[in-house]
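Given next are the chains, with one letter for each unit.
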Amino acid sequence: MQLVIFDVDGTLVDSQALIVAAQREAFAACGLVAPTRERSLSIVGLSLREAFTALVGPLGPVEELAEAYRQAFGRLRADPACEEPLFPGIEGMIRRLAAEPDILLGIATGKSRKGVAHLVDRHGWDRVFTTIQTADDSPSKPDPGMLLAALAETGLGPADAVMIGDTTFDMLMARAAGIRPIGVSWGYHPVPALWEAGAETVIDDVEHLAPLIGLRQPAGAAAHG
Ligand SMILES: [Mg+2]
């Protein structure tokens, strides 16, 4: 049995429009100048308090920003301009992995439980993920807490798990838990940073995940190389 754990933002869903817009509103609500888009995206994956501490420092209005962000995020999620599309190939890969008898799926995210529930509901993913670890239950990435909880919940050891994510926080968290860290290039952190943070490999197409976790090519795929 193998546990395949996914990060959400920047790995499964492209949530940058929503995240950047919600950060802008939060900073405006607190009378502060919003960070650049690049800087906004650099903290995606951290839990809210850690994210805003990274942006304004520990002496800044971290709690006020986090609260304003939560409110803005909830409101903006209903805005079609802030849609959170799945990255290419994700839907198919999730369905394929979910159908494998020897694979369990998990989520480890800086999103709230509510945010993940919204996502699961929207994509019809109920019963797809065996373990869901969120910012509400564990310390922020890169603390290994979420992954240790996922292992405990599924009864598997670190050697039986992989963590797939787009940020250095995911790679560091996986290393700290003794789990294989697999980076993805389509998210919010630069690829060299993922290697530096200990990525075992970095994939640029979700299809490349299959051989890494020992799955055979689906019938018909071989002809295309
Ligand atoms: Mg991410």
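Residues numbered from 1 in each chain as written. Predicted model: local features only at pLDDT ≥ 70, side-chain atom pairs only at ≥ 80, totals over all residues. Heavy atoms only, no water.

K.L.:
A description of the pattern of salt bridges should follow, citing residues and the corresponding values.
P.N.:
If you walk through the whole model with that rule in mind, you get eleven salt bridges. Between E25 and R75 there is a salt bridge, with its nearest N and O atoms 2.9 Å apart. A residue pair is termed long-range when its members are at least 10 positions apart, and E25 in helix α1 (residues 16-29) and R75 in helix α4 (residues 62-76) qualify at 50 residues. Residue E200 pairs with R180 through a salt bridge whose shortest N-O separation is 2.8 Å. (Salt bridge = Lys/Arg side-chain N within 4 Å of Asp/Glu carboxyl O. Helix = DSSP H or I, 4+ residues; strand = E, 2+ residues; numbered from the N terminus.)

K.L.:
Could you give an account of the pairing of strand β5 (residues 180-184), with specific residues and numbers?
P.N.:
In terms of burial, β5 is a largely internal element, four of the five residues being buried. By the bridge criterion, four bridges tie strand β4 (residues 161-165) to β5 in an arrangement that is parallel. Note on β5: the bridge partner recorded for V162 is R180. In terms of handedness, the path from β4 via helix α8 (residues 168-177) over to β5 forms a crossover that is right-handed. Strand direction decides the pairing type here: β5 and strand β6 (residues 201-203), joined by three bridges, are parallel. Across the sheet, G183 pairs through a bridge with V202, a residue of β6. (Buried < 20%, exposed > 50% of the residue type's maximum accessible area, 1.4 Å probe, protein only. Pairing = 2+ DSSP bridges. Right-handed = clockwise from strand over helix to strand, strands pointing away.)

K.L.:
Account for the side chain of Q133, naming residues and giving values.
P.N.:
The residue Q133 is located in strand β3 (residues 131-133) in this model. A distance of 2.9 Å separates the side chain of Q133 from the side chain of T131, its partner in a polar contact. (Polar contact = N/O pair within 3.5 Å; in protein donor to acceptor, adjacent residues only side chain to side chain.)

K.L.:
With reference to specific residues and values, describe the coordination of the magnesium ion.
P.N.:
Angles between donor atoms at a metal ideally measure 109.5 degrees for a four-coordinate tetrahedral arrangement and either 90 or 180 degrees for a six-coordinate octahedral one. Around the magnesium ion, the donor atoms from the protein are D7 (OD), D9 (O) and D166 (OD), and they sit 2.1 Å away. One chain supplies every donor to the magnesium ion, and in sequence these donors are spaced D-x1-D-x156-D. Side by side, D7 and D9 carry an identical accessibility label, which is buried. (Donors = N, O, S within 2.8 Å, 3.2 Å for Na, K, Ca; no water.)

K.L.:
Tell me about the packing of helix α7 (residues 145-154) against α8, and please be specific about residues and values.
P.N.:
Look at α7 against α8: their axes get within 8 Å of each other, and the N-to-C directions meet at 55 degrees. Considering their axes alone, α7 and α8 lie oblique with respect to each other. Two packed elements cross with a definite hand, and for α7 against α8 that hand is right-handed. Residue-level contacts link M146, L147 and L148 of α7 to M173, A174 and A177 of α8. (Axes fitted to C-alpha atoms, helices over the stretch in contact; angles between N-to-C directions. Parallel < 35°, antiparallel > 145°, perpendicular 65-115°, else oblique. Left-handed = near helix turned anticlockwise from the far one by under 90°. Contact = heavy atoms within 4.5 Å.)

K.L.:
Pulling in residues and values, what's your account of the domain arrangement of the protein chain?
P.N.:
Domain assignment breaks the protein chain into domain 1 (2-13 + 85-224) and domain 2 (16-82). Between domain 1 and domain 2, the C-alpha centre-to-centre distance is 24 Å. The partner domain 2 presents twelve residues to the 13 residues of domain 1 that form the contact. Across the domain 1 to domain 2 interface the summed buried area is about 1,100 Å²; carbon plus sulfur atoms make up 57%. Contact with domain 2 buries area across many residues of domain 1, yet S140, F169 and Y188 alone supply 48% of it, more than any other trio. (Domains from an automatic or database assignment. Buried area = accessible area lost by both parts, 1.4 Å probe.)

K.L.:
Give a detailed account of the packing of helix α3 (residues 48-56) against α4, specifying residues and quantitative values.
P.N.:
At a minimum axis separation of 9 Å, α3 and α4 run at an interaxial angle of 120 degrees. The angle between α3 and α4 places the two elements in the oblique class. Regarding α3 and α4, the two cross each other, and that crossing is right-handed. Note on element contacts: α4 touches α3 through V62, E63, L65, A66, Y69 and R70, opposite L48, R49, F52, T53 and V56.

K.L.:
Outline the sheet that holds β3, listing residues and values.
P.N.:
Taken together, six strands build an open sheet; the order of strands is β3-β2-β1-β4-β5-β6 and the sheet is parallel. Each of the sheet's edge strands pairs with one partner strand only, and the pair in question is β3 and β6. Taken over all neighbouring pairs, the strand axes of this sheet differ in orientation by 25 degrees on average, direction set aside. Inspection of the sheet shows strand β2 (residues 103-108) paired to β3 by three bridges, in the parallel sense. If you follow I107 over to β3, its bridge partner there is I132. Sitting on the sheet, helix α5 (residues 90-99) touches β1 (2-6) and β2, and the angle it makes with β2 is about 130 degrees.

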